[in-house]
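Examination of the molecular architecture
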Protein chains: 2
Amino acid sequence: MQSLMKRFTGCLFILFLSTNCFAQFTDYVNPFIGSANFGTTNPGALVPRGMVSVSPFNVSGSDLNTYDKDTRWWSAPYAFNNVYLTGFSHVNLSGVGCPELGVILLMPTTGQVNADPKIYGSIMENQQANPGYYRTDLKKYGIIAEMSASKRTGISRYTFPKGESHILLNMGLGLTNESGAKVRIVNNREIEGSRMTGSFCYNAGSERPVYFVARFSKAAESFGVWKKMPAMQAESAWSDTDGQIKYYQNYTPEMCGDEVGAYFTFSTEEKEQILVEVGVSYVSIANARLNLDMESNHFDFEKTKQEATTQWNDVLSRVKVEGGTKDQKTIFYTALYHTQIHPNIINDANGQYPAMGSFEIRENTKHDRYSVFSLWDTYRNFHPLMSLLYPAEQLDMMRSMIDMYKESGWLPKWELNSKETHVMEGDPAIPVIVDAYLRGLTDFDVEAAYQAMFKSATTEGKNNKLRPDIDSYLEKGFVPLKEEFDNSVSHALEYYIADWNLAQFAKALHKKDDYKKFLKQSLAYKAYFDKDFGMLRPRLEDGSFLNDFNPRQGENFEACPGFHEGTAWQYTFCVPHDIKGLSKLMGGKQKFVHKLQKVFDDNLFDMANEPDIHYPYLFTYFKGEEWRTQKEVHRLIDTYFKNAPDGIPGNDDCGTLSSWIVYSMMGMYPVCPGNMNYALTSPVFDKISIQLDPEFYPGKTLEIITHRNSPEEIYINEVKRNGKTLNRLFLNHADITKGGKIEFQLKAHHK
Amino acid sequence: MQSLMKRFTGCLFILFLSTNCFAQFTDYVNPFIGSANFGTTNPGALVPRGMVSVSPFNVSGSDLNTYDKDTRWWSAPYAFNNVYLTGFSHVNLSGVGCPELGVILLMPTTGQVNADPKIYGSIMENQQANPGYYRTDLKKYGIIAEMSASKRTGISRYTFPKGESHILLNMGLGLTNESGAKVRIVNNREIEGSRMTGSFCYNAGSERPVYFVARFSKAAESFGVWKKMPAMQAESAWSDTDGQIKYYQNYTPEMCGDEVGAYFTFSTEEKEQILVEVGVSYVSIANARLNLDMESNHFDFEKTKQEATTQWNDVLSRVKVEGGTKDQKTIFYTALYHTQIHPNIINDANGQYPAMGSFEIRENTKHDRYSVFSLWDTYRNFHPLMSLLYPAEQLDMMRSMIDMYKESGWLPKWELNSKETHVMEGDPAIPVIVDAYLRGLTDFDVEAAYQAMFKSATTEGKNNKLRPDIDSYLEKGFVPLKEEFDNSVSHALEYYIADWNLAQFAKALHKKDDYKKFLKQSLAYKAYFDKDFGMLRPRLEDGSFLNDFNPRQGENFEACPGFHEGTAWQYTFCVPHDIKGLSKLMGGKQKFVHKLQKVFDDNLFDMANEPDIHYPYLFTYFKGEEWRTQKEVHRLIDTYFKNAPDGIPGNDDCGTLSSWIVYSMMGMYPVCPGNMNYALTSPVFDKISIQLDPEFYPGKTLEIITHRNSPEEIYINEVKRNGKTLNRLFLNHADITKGGKIEFQLKAHHK
């Protein structure tokens, strides 16, 4: 009865507070999408860009699981195909290809206390997830576990059977072997501590502790901590805890160690609910407690869940789609949902955050500090999408990036919790910032940004943290292959696109010399063009092309000379700033189109990685060939994106694949960051209404209307903007953000 | 030149401050005595009853060592016969048979930083130790390491060669597998942290963190922390630190884990000295820092060393011996030195200390809080010796014990760092306190003490923490053998002596009924007397004696029914409160003396353990047989006590064997705690001057003069007190503490 009342109150709450009550956008989000097939998302509960997510952790401790973090490269706390759960982790990455975080695990159990995940874990049943909410049954115990979150806290509600029940806090588990934690039981309702994180991508560099405070809705009747004891030859004869987990009842000092944790024991009635709220901080335990104090709803689970739902509905309501199937809507809104996870805030409620590249604590109460920038991925489409739909957040992300430069001397590349992980290559902060600047997001320290970009684009020598091979790049115009499997061409291709963006920035800032210089650099990619193959091909120090060139080498993540995570095929068209120039090199439009079509026809395309994700839109650059874009995009959407756990073709890469599908289903794509033209394709939905942010854009709403007689009509017959027919299938950002109406008239055949 | 000047200043300092300059008592201390042959002392630097000792730690990491803590029961940080050093530990136990502590290790190295003890360790050479000072060369590095201490701090001085030098702080090593530590680099001259301790005797119960702050005399040029990474199947393919030590340069947050540490790197000139001061606390890091601030001499090593020497000279000067060989003097003063190590203070400079049996913090600025009470050992002779020579300290020990009762509800048995370890048996706090009370140390909470003793002597049931088998003891008068190898007789024998003491206390407090009751209980030992063997023999629940009784079973620590760490032979005479009664049971003086002589003649005596250490003095109870005491004591001194590392026959047991030799060489022994009569034997020295504490005793000095013509004269012809011949070879505590002169006239033959 109480539960029904609560649900009723919740509904009233929506009716009063939200004008979007009709549109439960969150109903079209399936958080399980991407949680199989290496999408590496998880169905955990969180709010948009929250520091905390509470995710089921089921990748350890049992042969019942298909994937085990300890036996293979594994980068997510959750795998949809796994069944054996060992807890719920409170800081997690979503859609990332490298392991990290997945720590601070809570786990409810019953019976005898046992802290060994191999023993205390349980089969999961009846999982359910909505934005801001996750639940599962723990079969072994008859416990229902539900969770929700605020920005910096997680809340869990456990419904226990009658008997002796426990809540375990396991600080030993995590995705990497970066371990070490401390716990301190404050009293019978509170515990605090810290956990080491790091070893992102199994590399050094991202190490930093995360701090927490956890509070229970009910005072524990007993409690204690545990520690896995090291094995010792002498001990084995004498100590019954040698190499075992040792329990320390009533132990209240700090307990430090590799595999430590704490248990709180309660005598529960049938269906008794006990709640836990966990505050997190990357600054200190004091800040974790502050975050908890500021954001706690005092164990009101329904209120926290409702607030999370409201936040998600608000965020998702920026785009309203009509028409299309429920699956298509779900694919769309889940993708949009996945763009709202990273970058996430890392500042505490008081504005404090860890400075980039050090352990200093800074404070900024003017804007949120964002973290988790997978920029090699996200510069391509994610940040343009953010500029269009969420310009305020995008601006704060750029401000965060520029603050990182001020703190560490360099813009970020792959930033994680205020550490540069140096993962992937290039200088991707440049296109992110320049693209947004050109879109009108200019309220940041422009001079500092330019200075930062100029520094990485011009600083010679080994101390250039972003462009390690800048010397040969500047000297020769390209990066020669120096080691068998170096990523020299990939490096250079990233520098070209960055320099082209920097040129646009210089131009906008009336720095004519710089404009010319960087524009020229950006076009030096041509040095890699090998006429024999009609492709980009690695060159050696002496200027010659690499012998034994196999353009397909690099498929399926095999090592490849010159190219990183891809083949020459997947990189050759990766000069989006000079498609016409590349076409000219290749011998003109026909040859370009033929070659590009071959990529799709011969299965040379990789939908699961970034270097080629703009490929299908390149046909649109050539009059009369636009239908190929429409056809291929349509096919790729249908083939690779599903309303199912395996509905993302590979690592979501912090929302990059999700941004691709959001854009593509809306019928537009930002082929080249820094270039304000969107290439158009046929939208999936009949009507798409984009709410434009009045603080940034003159228009209020952009409506995209699609006229078609059947789903088979996938080809564009005509596009009108405010009644006027476009003669090219491109639309400029400035025009789009004026709002108004874009109408697509589709047809069944491209001719 | 500077060094010479310092030495000169040091000498002046002594001349001015110490009236005992003529007698460098410390010259007669050899801290290596007891560091082989399982004496389990160590040569580390410390001040009397200091919380900190800085000991070489050489029991790990190399096959070059004879004894390795990880491959056998090992209870000391140091073994004289070992050669491979892995650091200098800052909290240590001395003369204890169970492993514990041996943590917070500093180690100077040179060259490439390496934190693996198997690699960074060094052969030791040119060791030297004096009270408050230890030094060794580290052969591998050409480093001289010297150390000294104050009560709560250690100071180390490392003399480096020219080049890159390091000081490692290894928090992973320790004597038990109780591990887990945290370190936090505060700045380039300071580090703080904590280290878990516990698993004393490989049991649970004594767990508690110890906190520290370390400061360097020179700012480090670089620094970092390390952590041994757990091994992970997946990682092994990708991470180069998997299962290895990972170094975190410039890492300044807390680093927690099982095997963590920190390094500080310096560029050193030839013979450059860098000093480290380490403050320790069992309360908090803040208190460790306070202790360091209060006691530091600001890296003045010579001053700290000199202060330590002065403290030791002061303490040792309570007894001045003349005559005897240098070896004999050294045996004597080293033993006296070993009585000044435990119990040690555990309170911080502000009076704070951890409460007994909990993690509460208490504060007491009126008296020192003592810890490390090995009472089953020390009640026998150590505390009577402290009452005689150091009554102020003994009183504070008693006050500490009574405070433990107030904090935890029970008097201590084997207390370690404010935890009851429940090691060995009995109720030994009773004889310690009663004995001292009867000697005139009465300024403590007598009522609380009586209440505490009454509680453990009368509380029935399993909740009696000191007397787990009290029910059958009270019901039957003895403890029956219930399991094959239980220690039932040993338990009961301890209860008898405790109850006899409690009876004396009741009598002194005019509690006549209690006196009668406990006196009666104390004599119930007779139930164990088996006329067939003329010995104490285990009895079963049905009252019958144990079958298959072998009075020699239990030798060499083999398991034995009824007796703990000993044989029936070694326990049969362990009723010192009723020697006459036992004699009567045995059939009179002749049979008693015959049986007792057999113990010595047939090698049934164990000099290395406590139950029988009073045996040689029992002959003195029988007129005409006293010469046997003189003979056996003389023989035992000569046989078992040497000025050599193996100069203590077994675990010193926190000064118990040392107290035996101190008393025995002075010609007197307190056969039964609570009985104020000392049994006399022939002194080793020609003149012994005991300074009596005027706050407690009427006399100022007691002089013991021994007249003999040759060392062969070991038998007593006559003893005079202040010119008056004694007619029995006993002297009462009250008479002794009046001071005056006792003269022994010796002879060569006992007849």
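All figures in this text were calculated on a predicted structure; none of them were measured in a lab. (Residues numbered from 1 in each chain as written. Chains lettered and ligands numbered in written order. Predicted model: local features only at pLDDT ≥ 70, side-chain atom pairs only at ≥ 80, totals over all residues. Heavy atoms only, no water.)

**Overview of the side chain of B:Ser358**
Residue and element names in this part refer to chain B. Quick reminder of the rule: Strands are runs of DSSP state E lasting at least two residues, helices are runs of H or I lasting at least four, and both sets are numbered from the N terminus onward. We call a residue buried when its accessible area falls under 20% of the maximum for its residue type, exposed when it is over 50%, and partly exposed in between, using a 1.4 Å probe and counting protein chains only. Polar contacts, as counted here, are pairs of nitrogen or oxygen atoms within 3.5 Å of one another; within protein the pair requires one atom able to donate a hydrogen and one able to accept it, and residues that are adjacent in sequence qualify only if both atoms are side-chain atoms. Any two residues whose heavy atoms approach within 4.5 Å at even a single point are treated as in contact.
When you line up the elements, Ser-358 lands in the loop between β20 (352–354) and β21 (361–363). A relative accessible area of 18% means that Ser-358 is categorised as buried. Separated by 3.1 Å, the side chain of Ser-358 and the backbone nitrogen of Glu-360 make a polar contact. Not counting residues within four places of it along the chain, the set of residues in contact with Ser-358 comprises Arg-208 and Lys-419.

**Topic: the sheet that holds strand β8 (residues 153–160) of chain B**
Working definition: the strands of a sheet are paired by backbone hydrogen bonds and lie parallel or antiparallel to each other. Residue and element names in this part refer to chain B. For clarity, the cut-off: Pairing between strands requires that DSSP locate at least two bridges from one strand to the other. Lines are fitted to the C-alpha atoms to define the axes, a helix being fitted only along its stretch in contact, and any angle between axes, read from their N-to-C directions, falls within 0 to 180 degrees.
Taken in spatial order, the 10 strands of this open sheet run β2-β5-β6-β7-β8-β17-β12-β11-β10-β15, and their pairing is antiparallel. Every interior strand has two partners, whereas the edge strands, β2 (84–85) and β15 (255–257), have only one. In the sheet, strand β12 (residues 208–216) pairs with strand β17 (residues 272–281) via six bridges, with the strands oriented antiparallel. If you follow Phe-212 over to β17, its bridge partner there is Val-280. Running over the sheet, helix α4 (residues 285–295) touches β8, β10 (181–187), β11 (190–197), β12 and β17 and is turned about 45 degrees from β12. Strands β6 (133–138), β7 (143–149), β8 and β17 of the sheet are contacted by helix α5 (residues 301–316), whose axis makes an angle of about 50 degrees with β7.

**Quick notes on the pattern of salt bridges**
Residue and element names in this part refer to chain A. Counted only if it meets this: The rule for a salt bridge is simple: a side-chain nitrogen of Lys or Arg has to be within 4 Å of a carboxyl oxygen of Asp or Glu.
As enumerated under the stated definition, the model contains 78 salt bridges over all chains in all. Salt-bridge contacts for Glu-295 lead to Arg-152; the nearest nitrogen and oxygen are separated by 2.7 Å. Residue Glu-295 is located in helix α4 (residues 285–295), and its partner Arg-152 is located in the loop between β7 (143–149) and β8 (153–160); the two are separated by 143 residues in the primary sequence. An identical accessibility class is assigned to Glu-295 and Arg-152; each is buried. The partner of Glu-625 in a salt bridge is Arg-628, with the nearest N and O atoms 2.7 Å apart. The exposure class of Glu-625 is buried, given its relative accessible area of 10%. Given the relative accessible area of 18%, Arg-628 is considered buried. Each of Arg-184, Glu-190, Glu-192, Arg-215, Arg-289 and Asp-293 takes part in salt bridges that share partners, so that together they form one network.

**Examining the state of the cysteines**
Residue and element names in this part refer to chain A. Rule in force here: Any pair of cysteine sulfurs within 2.5 Å is marked as a disulfide.
For the structure on display, the rule yields two disulfides over all chains. Here Cys-98 connects covalently by a disulfide to Cys-201, the sulfurs 1.8 Å from one another. With the S-S dihedral at roughly 95 degrees, the linkage between Cys-98 and Cys-201 falls on the right-handed side. Of the two residues, Cys-98 is situated in the loop between β3 (87–92) and β4 (101–110) and Cys-201 in the loop between β11 (190–197) and β12 (208–216); the sequence distance between them amounts to 103 residues. Across this residue pair, the class does not change: Cys-98 and Cys-201 are buried.

**Structural notes on the packing of aromatic side chains**
Selection criterion: Stacked, tilted and edge-to-face pairs are distinguished by plane angle, under 30 degrees for stacked and over 60 for edge-to-face with tilted covering the rest, among Phe, Tyr and Trp rings (Trp via its six-membered ring) whose centres lie within 6.5 Å. Definition used: whenever NZ (Lys) or CZ (Arg) falls within 6 Å of the ring centre and also within 35 degrees of the ring normal, the charge is taken to sit over that ring.
Going through the model one piece at a time under the given rule, you end up with 95 aromatic pairs over all chains. Pairing A:Tyr473 with A:Tyr496 gives two aromatic rings, centres 5.5 Å apart and planes at 45 degrees, and the pair type is tilted. Of this pair, A:Tyr473 sits in helix α12 (residues 470–476) while A:Tyr496 is found in helix α13 (residues 488–508), placing the two residues 23 residues apart along the sequence. Residue A:Tyr496 is classed as buried on the basis of its relative accessible area of 0%. Lying across the ring of A:Trp376, A:Arg380 places its NZ or CZ 4.6 Å from the centre. Residue placement shows B:Lys305 over the ring face of B:Tyr133; its charged tip is 4.0 Å from the ring centre.

**Description of the sheet that holds strand β35 (residues 740–747) of chain A**
Residue and element names in this part refer to chain A. Judged by pairing direction, the sheet is mixed, and its six strands sit side by side in the order β18-β30-β31-β35-β32-β33 without closing on themselves. Strands with a single pairing partner mark the edges of an open sheet, and in this sheet they are β18 (319–322) and β33 (724–725). Note: β18 against strand β30 (residues 687–691), four bridges, orientation antiparallel. In the strand pairing of β30, Glu-322 is matched with Lys-687.

**As for unusual backbone geometry**
Residue and element names in this part refer to chain A. Following His-342, the chain continues to Pro-343 via a peptide bond in cis, the omega torsion being -15 degrees. Counting through the fold element by element, Pro-343 comes out in the loop between α6 (326–338) and β19 (344–345). Positioned with a positive phi, Met-424 is a non-glycine residue whose angle comes to about 60 degrees. Position of Met-424 relative to the elements: it lies in the loop between β25 (419–420) and α10 (429–438).

**Overview of the domain arrangement of chain A**
Interface size is often expressed as the accessible area that is lost when the parts come together. All names here are of chain A. What counts, and what does not: Boundaries between domains were set according to an automatic or database domain assignment. Two parts placed together each lose some accessible area; with a 1.4 Å probe, that loss summed over both constitutes the buried area.
Assigned domains within chain A: domain 1 (27–292) and domain 2 (318–347 + 593–751). For domain 1 versus domain 2, the separation of C-alpha centres amounts to 39 Å. Contacts between the two partners involve 32 residues from domain 1, matched on the other side by 30 residues from domain 2. Roughly 2600 Å² of surface becomes buried between domain 1 and domain 2 when both sides are summed, with 58% attributable to carbon and sulfur atoms. Contact with domain 2 buries area across many residues of domain 1, yet Tyr-28, Ile-33 and Arg-49 alone supply 32% of it, more than any other trio. There are zero salt bridges connecting domain 1 and domain 2.

**Some remarks on a negative patch on the surface**
Selection criterion: Patch definition: residues with relative accessible area over 30% and no salt bridge; like charges joined within 9 Å; nonpolar side chains (Val, Leu, Ile, Met, Phe, Trp, Tyr) joined within 5 Å. We get accessible surface area from the Shrake-Rupley algorithm with a probe of 1.4 Å; when it comes to residues, only the shown protein chains can shield them. In this tally, Lys and Arg are treated as positive and Asp and Glu as negative; His is ignored, and so are the chain termini. To locate a charge, the coordinates of NZ of Lys, CZ of Arg, CG of Asp or CD of Glu are taken.
Residues A:Glu460, A:Asp471, A:Glu475, A:Glu541 and A:Asp542 make up a contiguous surface patch of negative charge. Following the sequence through the fold, A:Glu475 ends up in helix α12.

**A word on the environment of B:His338**
Residue and element names in this part refer to chain B. For His-338, the position within the fold is in helix α6 (residues 326–338). According to the relative accessible area criterion, His-338 is buried, its value standing at 3%. In this structure, the C-alpha to C-alpha distance between His-338 and Asn-42, residues 296 residues apart in sequence, is 9.9 Å. Look past the residues within four positions of His-338 in its chain and what remains in contact with it is Ile-33, Thr-41, Ile-648, Asp-652, Gly-655 and Ser-658.

**Description of the relation of the copies chain A and chain B**
Using the following cut-off: Least squares is the method used to superpose the copies, on C-alpha atoms of residues holding a pLDDT of at least 70 in both.
You can overlay chain A on chain B at an RMSD of 0.1 Å; the transform is a turn of 180 degrees with a shift of 0.1 Å along its axis. Here the symmetry operator amounts to a two-fold rotation axis. Minimal C-alpha separation from the rotation axis in chain A is found for A:Gly257, amounting to 1.9 Å. Looking at chain A, 100% of its interface residues are interface residues in chain B too, so the copies touch through the same face.

**Quick word on the confidence of the model for chain A**
Counted only if it meets this: The pLDDT score gives, residue by residue, the confidence of the prediction method on a 0 to 100 scale.
Per-residue confidence for chain A gives a mean pLDDT of 95, with 97% of residues at or over 70. Considering only residues more than four positions removed or in separate chains, one finds that residues 1–22 of chain A, a stretch of pLDDT under 50, has 12 contacts.

**A few points about the interface of chain A and chain B**
The condition that has to hold: Amino acids are sorted into nonpolar (Ala, Val, Leu, Ile, Met, Phe, Trp, Tyr, Cys and Pro), charged (Asp, Glu, Lys and Arg) and polar (every other residue, Gly among them).
Taken together, the contact pairs 47 residues of chain A with 47 residues of chain B. With both sides pooled, the region where chain A packs onto chain B buries about 3600 Å², and carbon together with sulfur makes up 57% of that total. There are eight salt bridges connecting chain A and chain B. Close ionic contact of A:Asp258 with B:Lys227 constitutes a salt bridge, the shortest N to O distance being 2.9 Å. On inspection of chain A and its partner chain B, the count reaches 19 residue pairs in polar contact (both at pLDDT 80 or more). Of all elements in the fold, only β10 (181–187), β11, β12, β13 (222–228), α3 (233–238), β14 (245–249) and β15 (255–257) of chain A reach the threshold of two or more residues within the side of chain A that touches chain B. Per-element tally for the side of chain A that touches chain B: the top contributor is α3(A), with four residues. When the residues that make up the side of chain A that touches chain B are grouped by side-chain class, the tally is 19 nonpolar, 14 polar and 14 charged.

**What about the side chain of B:Asp499?**
Residue and element names in this part refer to chain B. Considering the arrangement of structural elements, one finds Asp-499 in helix α13 (residues 488–508). For Asp-499, the side chain forms a polar contact with the side chain of Arg-467, separated by 2.9 Å. With near-sequence residues (within four places) excluded, Asp-499 lies in contact with Ala-457, Arg-467, Tyr-473, Phe-518, Gln-521 and Ser-522.

**So, a positive patch on the surface**
A cluster of like positive charges, contributed by A:Lys580, A:Lys589, A:Lys623 and A:Arg728, occupies part of the molecular surface. Within the secondary structure layout, A:Arg728 lies in the loop between β33 and β34 (730–732).

**Some points on helix α16 (residues 579–586) of chain A**
All names here are of chain A. Buried within α16 are the following residues: Ile-579, Gly-581, Leu-582, Ser-583 and Met-586. Buried-residue contacts for α16 involve β26 (529–530), α15 (568–572) and α17 (589–601). Directly after α16, the chain includes Gly-587, whose backbone phi takes a positive value near 105 degrees.

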